[in-house]
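# Overview (structure and organization)
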Amino acid sequence: MSAADRAANPSSATRRQWLLAGAALVVRPAAGTPQELAAAIQAFTGGAAPRAGRVTLDVSPLVENGNTVPMTVTVDSPMTAADHVVAIAVFNERNPQREVANFFIGPRAGRAVVASRIRLATSQQLVAVALMSDGSHWSHTIDVVVTLAACIE
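In this report, the structure presented in the accompanying data block is examined. (Residues numbered from 1 in each chain as written. Predicted model: local features only at pLDDT ≥ 70, side-chain atom pairs only at ≥ 80, totals over all residues. Heavy atoms only, no water.)

## Some details on unusual backbone geometry
Applied cut-off: Per the convention used, a helix needs a DSSP run of H or I reaching at least four residues, while a strand needs a run of E reaching at least two, with both numbered from the N terminus. Note on classification: 1.4 Å probe, protein chains only; a residue is buried when its accessible area is under 20% of the maximum for its type, exposed when over 50%, partly exposed between these limits.
Backbone geometry places Arg 54, a non-glycine residue, at a positive phi of 65 degrees. Position of Arg 54 among the secondary structure elements: in the loop between β1 (51-52) and β2 (55-59). On the basis of relative accessibility, which here comes to 28%, the residue Arg 54 falls in the partly exposed class. One non-glycine residue, Met 79, lies in the positive phi region at around 55 degrees. In this fold, Met 79 is placed in the loop between β4 (69-75) and β5 (85-92).

Shown next, in the form of structure tokens:
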């Protein structure tokens, strides 16, 4: 299309312009940041920094399919009325929503163990945080490599 034709009919676009416009519309998963992950954890802890320890997040470090990833969180606690786990939360770095799961338990649970399957958009960091009855927060962080992504639509 010549410059004169484009000037006469400004609504017509060249093939290159259409291809560039289409490329701009490609949907990509939102890339999370460590600051967003830290903000989500702080919202759960009320601004307190969780200490490392007492929590074990068990997830395979290499995941073939992010659509269904088994995970288990175990917290070292006697689970008595005086000393027990109140809540367990799992956070991620790169999924569209930072909070993967919340579990609320009490001393009658007997053991502080929860298990579920989650979706992971891509390779990322996962953090499990436990709220104890004394108000303390404990955490465990793990890096997971995902070969086939999920959660990107």
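## A look at the pairing of strand β6 (residues 99-104)
We apply this condition: Only strands joined by at least two bridges in the DSSP assignment are considered to pair.
The sheet contact formed by β5 and β6 spans 5 bridges and is antiparallel. Paired with Ile 88 across the strands is Phe 103, a residue of β6.

## Quick notes on the sheet that holds β4
Spelled out, the test is: Axis definition: a line fit to C-alpha positions, over the contact stretch in the case of helices; interaxial angles, taken between N-to-C directions, run 0 to 180 degrees.
The sheet built from 3 strands is open, its strands ordered β2-β4-β7 with antiparallel pairing. Each edge of the sheet is formed by a strand with only one pairing partner; in this case those strands are β2 and β7 (113-118). The average angle at which neighbouring strand axes cross in this sheet is 15 degrees, direction not considered. Pairing of β2 with β4 involves 5 bridges; the strand directions are antiparallel. Bridge pairing links Val 59 to Met 71 in β4.

## Some words on the nonpolar core
Applied cut-off: Put simply, buried Ala, Val, Leu, Ile, Met, Phe, Trp, Tyr and Cys residues joined by side-chain atoms within 4.5 Å make one nonpolar core. In this analysis, two residues are considered to be in contact whenever any of their non-hydrogen atoms come within 4.5 Å of each other.
Ranked by internal contacts, the top residues of the largest apolar core, which has 26 residues, are Leu 57, Met 71, Val 73, Val 75, Ile 88, Leu 126 and Val 144. Those elements that provide at least two residues to this core are β2, β4, β5, β6, β7, β8 (124-132) and β9 (137-148). Ignoring any residue separated from it by four or fewer positions in sequence, one finds Val 75 in contact with Arg 54, Val 55, Val 85, Ile 88, Ala 112, Ala 130 and Met 132. Counting residues in hydrophobic clusters, the runner-up holds 9 residues, among them Ala 87, Ala 89, Val 127 and Val 129.

## Here we look at the packing of aromatic side chains
So the rule is basically this: When two rings of Phe, Tyr or Trp (its six-membered ring) have centres within 6.5 Å they constitute a pair, described as stacked for plane angles under 30 degrees, edge-to-face for angles over 60, and tilted for the intermediate range.
Counted under the stated rule, the structure contains 1 aromatic pair. The interplanar angle of 65 degrees and the centroid separation of 5.9 Å between the aromatic rings of Phe 44 and Phe 91 together place this pair among those described as edge-to-face. One end of the pair, Phe 44, is in helix α3 (residues 34-45); the other, Phe 91, is in strand β5, and 47 residues separate them in sequence. Given the relative accessible area of 0%, Phe 91 is considered buried.

## Quick look at α3
The following threshold applies: To estimate the expected span of a helix, count its residues, drop one, and scale the result by 1.5 Å. Comment: arc refers to directions from the helix axis out to C-beta atoms.
Compared with an ideal rise of 1.5 Å per residue, which puts 12 residues at 16 Å, α3 spans 16 Å between its outermost C-alpha atoms and is within 8% of the ideal. Restricting attention to buried positions, one finds in α3 the residues Leu 37, Ala 40, Ile 41, Phe 44 and Thr 45. Around the axis of α3, the buried residues are gathered within 130 degrees of arc, so they sit on the same side. Those residues of α3 that are exposed and aimed more than 90 degrees away from the buried face are Gln 35 and Ala 43.

## Focus on the pattern of salt bridges
Cut-off, in case you're wondering: Only one rule defines a salt bridge in this text: a Lys or Arg side-chain nitrogen within 4 Å of an Asp or Glu carboxyl oxygen.
On inspection of all chains with the given rule, the structure shows 1 salt bridge. Of the charged contacts, one joins Glu 36 and Arg 98 as a salt bridge, the two residues approaching to 2.5 Å between their closest N and O atoms. Residue Glu 36 is found in helix α3, and its partner Arg 98 is found in the loop between β5 and β6; the two are separated by 62 residues along the sequence.

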